[in-house]
Amino acid sequence: MTYPEALVELIDDFQSIDDKMERLEYVFDLASEVNELPVAQWTEETRIHGCQSEAHVLLEIEEGKVSLKSGADSKLVQGLMGILTIAMDNLDTEEAKKITPDFAVDMGILNSLSPSRSNGFRNMFDKIMNDLEEN
Amino acid sequence: MLGDTLKGRAIVLTEMEHHSDIVPWQMLAEAYGNELRYVPVKEDLTLDMEAYEASIEGAGLVCVVHTSNVLGVRNPIEKIIEIAHKNGAKVLIDAAQGAPHCKIDLKELGADMMALSAHKMCGPTGIGCLLVNEQTFQEMKPFMGGGDMIETVTLQKSTYQTNEHRFEAGTPKIAEAIGWDAALGYLDNLNLNEQHQRLLNIARYVADELRSMNMTVYGRHDSDDSAVVSFLHPTMHSEDLAHLLDARGVAVRTGHHCAQPLLHRLGINGTVRASFYIYNTMDEAEQFIQHTKDILERFA
């Protein structure tokens, strides 16, 4: 599928990194990309289930565009949210709905994660898509 | 297997147990109404022996971990057995963590049953064993029916093998048993006492270094304890540290280590655990410490 420009750039960035350690560290660096959801706003509705750490995401639609706020007690998880923020934040809702989780495969990040973290990433993506459908 | 012996009697467990020594007893209690009693863990990470003595009356079975897979703490098994037997209770030792680090003689120890796991002692996954003393063996009944455990089968009734095969229904774990036998042969040729001392020295060095990095270390590493070092950084998530170590070629375990009640007692959700065994060297421990320092410098 055709990805949004920011996501294409991010996929290129990851694909240019051969070293597993550097790729993982890049995910950590992307933790700064999230729009922070303060801990005080973490609720059962924002919780991402099936994640080994405490992870939350709030999706809102503002003038037809996706607004993502998120937070986690793990920097790696927050980095994964940073990827989703780059991929989906500020996109038109219809455009966001077309995104599939295959982009993570194209990035090659799943091989750098443990199975539980890969599963957590998928749960994050699914929650965002479900929230998007319900909005 | 011990259904009749345990009928109406309490089972004493501890807060330090692996889930594998909690969940089956909870299932049994749910089915037969046995009372479960838990011996608490004290602030110094040892079992509260006074509470244990107070809990033993009317108990039919005591199940206790020889050495904690989270803390490395070796429990006072001999004393626990003595108190249990004085009060007419049998004792099952979970030696999955303890047996790889020291030779344990079931008869000498005086326990009634002892469970082992192959993958903790250089063997394959998916196979373990339960050692049982003669008296307990005679009291045990088959709990799983099928091929190989029978003597005869008619449409009216089946009779069972009289030896240990009566507990092994179905096709045995042939490849795993052969693999474990090879692993045991290998371990048998090692001086486990020497290895224990060497590994404990590594664990003590690592624990001291981690403390100097402001980590909380959950363990005491006394002379009989095993060489596992569970630790936690004050701000960095255990999973994050583990992933970053993994990317540098260092394998550690994180999470609750299948001992959620113990972690709950410690007031935490998980730790990072470095487990040292016969294949590890002090040089590797030093590399692990250096990698940890590098990671904290960049990410903590």
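Residues numbered from 1 in each chain as written. Chains lettered and ligands numbered in written order. Predicted model: local features only at pLDDT ≥ 70, side-chain atom pairs only at ≥ 80, totals over all residues. Heavy atoms only, no water.

Quick look at the sheet that holds strand S4 (residues 90-94) of chain B
Residue and element names in this part refer to chain B.
Right, so step 1: Pairing in this open sheet of six strands is mixed, and the strands run S2-S1-S3-S4-S5-S6 from one edge to the other. Looking at which strands have only one partner, the edges of the open sheet turn out to be strand S2 (36-39) and strand S6 (128-132). Strand-to-strand, the axes of this sheet are offset by a mean angle of 20 degrees, without reference to chain direction.
Right, so step 2: Sheet topology places strand S3 (residues 59-65) next to S4; five bridges connect them, and they run parallel. Note that in S4 the partner of Val 64 across the bridge is Ile 93.
Right, so step 3: Sheet strands in contact with helix H2 (residues 23-32) are strand S1 (10-14), S2, S3 and S4, and its direction is about 150 degrees off that of S2. (Pairing = 2+ DSSP bridges. Helix = DSSP H or I, 4+ residues; strand = E, 2+ residues; numbered from the N terminus. Axes fitted to C-alpha atoms, helices over the stretch in contact; angles between N-to-C directions. Contact = heavy atoms within 4.5 Å.)

Here we look at the sheet that holds strand S10 (residues 228-232) of chain B
All names here are of chain B.
Right, so step 1: Strand order in the open sheet made by the four strands is S9-S10-S12-S11, with antiparallel pairing throughout. A single partner strand is all that each edge strand has here, and the edge strands are strand S9 (216-218) and strand S11 (253-255). Looking at each pair of strands side by side, their axes are set apart by 30 degrees on average, direction ignored.
Right, so step 2: Sheet topology places S9 next to S10; three bridges connect them, and they run antiparallel. Across the sheet, residue Thr 216 finds its bridge partner in S10, namely Leu 232.

Thoughts on the domain arrangement of chain B
Residues and elements named next belong to chain B.
Right, so step 1: The domain boundaries assigned to chain B delineate domain 1 (3-188) and domain 2 (192-299).
Right, so step 2: Put simply, the middle of domain 1 and the middle of domain 2, counted by C-alpha atoms, are 28 Å apart.
Right, so step 3: Across the contact, 30 residues belong to domain 1 and 26 residues belong to domain 2.
Right, so step 4: Summed over both partners, the interface of domain 1 with domain 2 comes to about 2,400 Å²; 60% of that surface belongs to carbon and sulfur atoms.
Right, so step 5: For the domain 1 face of the interface with domain 2, the top three residues by lost area are His 19, Val 70 and His 101, together amounting to 29%.
Right, so step 6: For the pair domain 1 and domain 2, the interface holds two salt bridges.
Right, so step 7: Here Arg 265 and Glu 15 are joined by a salt bridge, their closest N and O atoms 3.9 Å apart.
Right, so step 8: For the interface between domain 1 and domain 2, the tally reads 14 residue pairs in polar contact (both at pLDDT 80 or more).
Right, so step 9: A class-by-class count of the residues in the side of domain 1 that touches domain 2 yields 14 nonpolar, nine polar and seven charged. (Domains from an automatic or database assignment. Buried area = accessible area lost by both parts, 1.4 Å probe. Salt bridge = Lys/Arg side-chain N within 4 Å of Asp/Glu carboxyl O. Polar contact = N/O pair within 3.5 Å; in protein donor to acceptor, adjacent residues only side chain to side chain. Nonpolar A, V, L, I, M, F, W, Y, C, P; charged D, E, K, R; others polar.)

Some thoughts on the environment of B:Leu130
Residue and element names in this part refer to chain B.
Right, so step 1: Locating Leu 130 in the fold gives a position in strand S6.
Right, so step 2: Since its relative accessible area comes to 33%, Leu 130 is described here as partly exposed.
Right, so step 3: Separated by 60 residues in sequence, Leu 130 and Val 70 place their C-alpha atoms 22 Å apart. (Buried < 20%, exposed > 50% of the residue type's maximum accessible area, 1.4 Å probe, protein only.)

Some points on the packing of helix H2 (residues 20-29) of chain A against helix H3 (residues 75-88) of chain A
Residue and element names in this part refer to chain A.
Right, so step 1: As a packed pair, H2 and H3 sit with axes 6 Å apart at the nearest point and diverge in direction by 80 degrees. What the angle tells us is that H2 and H3 run roughly perpendicular. Taken together, the residues of H3 that come into contact with H2 (itself represented by Leu 24, Val 27 and Phe 28) are Lys 75, Leu 76, Gly 79, Leu 80 and Ile 83.
Right, so step 2: Across the contact of H2 with H3, the residue classes tally to six nonpolar, one polar and one charged. (Parallel < 35°, antiparallel > 145°, perpendicular 65-115°, else oblique.)

Notes on the side chain of A:Glu25
Right, so step 1: With respect to the helices and strands, the residue A:Glu25 is situated in helix H2.
Right, so step 2: Within the structure, A:Glu25 has its side chain in polar contact with the side chain of B:Arg298 (distance 2.4 Å).

Topic: the interface of chain B and chain A
Right, so step 1: At the interface, ten residues of chain B touch 16 residues of chain A.
Right, so step 2: When the two sides are added together, the surface that chain B and chain A hide from each other amounts to roughly 1,200 Å², 52% of it contributed by carbon and sulfur.
Right, so step 3: Connecting chain B to chain A are four salt bridges.
Right, so step 4: Among the salt bridges present, the one from B:Arg298 reaches A:Glu25, with a minimum N-O distance of 2.4 Å.
Right, so step 5: Our count for the chain B to chain A interface comes out at seven residue pairs in polar contact (both at pLDDT 80 or more).
Right, so step 6: Mapped by element, the contributors of at least two residues to the side of chain B that touches chain A are helix H9 (238-247) and helix H11 (282-299) of chain B.
Right, so step 7: Looking at which element gives the most residues to the side of chain B that touches chain A, the answer is H9(B), with six residues.

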